[in-house]
Amino acid sequence: MVARLLLLRARPRGPAGGPGPVCRRLSAGSGPREYLQRSIVPTMHFQDSLPRLPIPKLEDTIKRYLRAQKPLLDDGQFRKTEQFCKSFENGIGKELHEQLVAQDKQNKHTSYISGPWFDMYLTARDPVVLNFNPFMAFNPDPKSEYNDQLIRATNMTISAIRFLKTLRAGLLEPEVFHLNPAKSDTDTFKRLIRFVPSSLSWYGAYLVNAYPLDMSQYFRLFNSTRLPRPVRDELVTDESARHLLVLRKGHFYVFDVLDQDGNIVSASEIQAHLKYILSDSSATPDFPLAYLTTENRDVWAELRERLVSGGNEEALRKVDSAVFCLCLDDFPIKDLVHLSHTMLHSDGTNRWFDKSFNLILAKDGTAAVHFEHAWGDGVAVLRFFNEVFKDSTQAPAITPQSQPAHTDSSAAVRRLNFKLDDAMKASIGAAKDKFDAIVKTLTIDFIQFQRGGKEFLKNQKLSPDAVAQLAFQMAFLRQYGRTVATYESCSTAAFKHGRTEAIRPASIFTKKCSEAFVREPSRHSAGELCQMMAECSTYHGQLTKEAAMGQGFDRHLFALRYLAAAKGIALPELYLDPAYRQINHNILSTSTLSSSTVNIGGFAPVVPDGFGIGYAVHDKWIGCNVSSYPGRNAREFLQCVEKALEDIFDAIEGKRIKT
């Protein structure tokens, strides 16, 4: 049913029982420009009746786990892993599973994975930048004159605030996955479903093949930040704050974007304030505070406490509570590789990596969203991203002819000053040195395969996503001679407080097919290769459907391990098996998203010897953005991906495969 849900790389959010979006109007007399839309179905109408994320049967999880291990292990290793699994299934695993099911029945307001998943993110001590935070870059505004930095920053800021107001007023269209849009994505359906009580509304949508998605993460989009704390970070949200945080050349500025009545400050005033900030000729600070957000979380927690005790508490509160962080860069984007480096990590001076998201605008108007991953997943960010692009391009608040308001921006805009002693300056310098050193080792490269895309592959009855994943398997086999642990994230937002589940694209089918293409193409006809591709596609479709329905194995095994640790039980042998460590050392970490508003997206590898692979299969072409550290070569890997895609398309067209 929901097999075609967005497949998005994702990580966790804050306390499972946190508040949802508050459905209220911020002001009574606001005009039509205050809101993006006025949905007749309340935003959170379906939330109460969403189905709960199922806990798979233990025997199914073990079978799926072993199927995923098969292509990664030799016969001897596989037999040992089978024994570990058998002992686990009949012993401690069975006990833990029963406890997990019982615990889940006592917590019907959430999902079994929500709390453990938040903990996984918030207890991680690695820096958030490069290890967790991804980015998505917008396409340019179709009207080139609107890509001026000041104009686009103003328009996107106002569209983002409109999104905030629409969400909090309960006027944002609920997020619904329509299998039959002609029947369910209609005014008639909306007029009927709004009268169905929230406790039953999901079932009404289900009857017309519409599947409402969880929206519990959306409230963390705004006024939110991740605070560094010893051992476990904290997510905080302050919806009372009305100011925007702007970073430029490492300086921090704040000004109100909502007035005391909750109305959006006029576009001409926001334009004037941003113009004022852009005209500030101050040099970059010698010790840019933003570097501290690139630090190890325990180090940063200690430094933050020192900042607070040193008289910076009020300034930090302004940073943390801001509606969001707008970053204005002073240079244009040269190409897609430069774009990826800029939006993924930059030089560290002009981002606050702990904010729920940074909206970044380069000197030439190139724009992107860089987001912290603990609070939520890609589904919420992509909805925000799409709505902001649509509103800022189709209903822009200002035009190139618009004049900034005649207002005293020097009084309205406040530059935050931080008191830094010599020890803090030294700590900022140390953070910069560490950050610079790791960034220098990161390589990013990109290809656009123009021979065909979604349309062509669907006409061949092949899953476009399966073909892309097969190309990655073929590429790694060609470059390094083996099959390795591969991860593709799939949203489980069809369930209450669903997060993600892993698809494991490396299978016995992709291994057999990859070896046929790479090692012995002359031994197989094009027809035989196509038959193998069809098997890969069918199996990948099955894995995708299982994952979207909460029937993978990764989250279940993770929750059982988390439960054992929480109860002080010795780690079961299954988790000590080298094969378990290996399959969770994801050398190929992949993520896809599909949106006409996205130019490119990306993230760093999740392990030092891995690749971070962001990709999209468009109607007529395939894009792939790959990152790597020393020891792996992103450029060579992409050349192998391109070769794999050429071979796949040749086979489909009945051509002989070139070695």
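Residues numbered from 1 in each chain as written. Predicted model: local features only at pLDDT ≥ 70, side-chain atom pairs only at ≥ 80, totals over all residues. Heavy atoms only, no water.

A few points about the overall build of the chain
Summing up its helical and strand segments, the chain has 22 helices and 18 strands in all. In summary, the chain has a C-alpha radius of gyration of 25 Å against a globular reference of 26 Å for 659 residues, a match within 12%. Judged by the C-alpha coordinates and their principal axes, the chain covers about 75 × 55 × 50 Å. Looking at the 659 residues of the chain, the share that counts as buried comes to 60%. Put simply, of all contacts in the chain between residues at least 6 apart along the chain, 79% involve residues at least 24 apart. Of the roughly 25,400 Å² that the chain leaves accessible, carbon and sulfur atoms contribute 51%. Here the chain contributes 81 positive and 74 negative side-chain charges, whose respective centroids are spaced 3 Å apart. (Helix = DSSP H or I, 4+ residues; strand = E, 2+ residues; numbered from the N terminus. Rg over C-alpha atoms; globule rule 2.2 N^0.38 Å. Buried < 20%, exposed > 50% of the residue type's maximum accessible area, 1.4 Å probe, protein only. Contact = heavy atoms within 4.5 Å. Areas by Shrake-Rupley, 256 points an atom, 1.4 Å probe, with all protein chains shown as cover. Lys, Arg positive; Asp, Glu negative; His and termini not counted. Charge placed at Lys NZ, Arg CZ, Asp CG, Glu CD.)

Structural notes on the UniProt feature "active site" (unreviewed entry) in the chain
Here, the residues flagged by UniProt with the feature "active site" (unreviewed entry) are His373. With respect to the element layout, His373 can be found in the loop between strand 10 (367-371) and helix 12 (378-394). Among the residues examined, His373 registers a relative accessible area of 0% and is labelled buried. (UniProt positions renumbered as here; feature names shortened; annotations may be inferred.)

Here's the deal with the UniProt feature "domain: Choline/carnitine acyltransferase" (unreviewed entry) in the chain
UniProt tags residues 53-643 as "domain: Choline/carnitine acyltransferase" (unreviewed entry). A helix fraction of 45% and a strand fraction of 15% characterise residues 53-643, whose end C-alpha atoms lie 40 Å from each other.

Regarding the packing of aromatic side chains
Geometry of an aromatic ring pair is reported as the spacing of the ring centres plus the angle between the planes. The final tally for this structure, using the stated rule, is 31 aromatic pairs. Both rings, one in Trp117 and one in Tyr121, keep their centres 6.3 Å apart while their planes meet at 85 degrees; by these two values the pair is edge-to-face. Here Tyr121 and Trp117 lie together in helix 4 (residues 114-122), a separation of 4 residues that amounts to about one turn. For Trp117, a relative accessible area of 6% gives the class buried. Following the ring pairs from residue to residue traces out a cluster consisting of Tyr65, Phe88, Phe553, Tyr575 and Tyr580. (Phe/Tyr/Trp six-rings, centres within 6.5 Å; stacked < 30°, edge-to-face > 60°.)

Here's the deal with the packing of helix 17 (residues 508-518) against helix 18 (residues 526-548)
Their axes nearest at 9 Å, the elements helix 17 and helix 18 cross at an angle of 155 degrees. Overall, the two elements helix 17 and helix 18 adopt an arrangement that is roughly antiparallel. Between helix 17 and helix 18 lies a crossing of left-handed hand. The segment helix 17 lies against helix 18, with Phe509, Thr510, Lys512, Cys513, Ala516 and Phe517 engaging Leu529, Met532, Met533, Glu535, Cys536 and Tyr539. Each residue belonging to the contact of helix 17 with helix 18 can be placed in one class, and the counts come to 9 nonpolar, 1 polar and 2 charged. (Axes fitted to C-alpha atoms, helices over the stretch in contact; angles between N-to-C directions. Parallel < 35°, antiparallel > 145°, perpendicular 65-115°, else oblique. Left-handed = near helix turned anticlockwise from the far one by under 90°. Nonpolar A, V, L, I, M, F, W, Y, C, P; charged D, E, K, R; others polar.)

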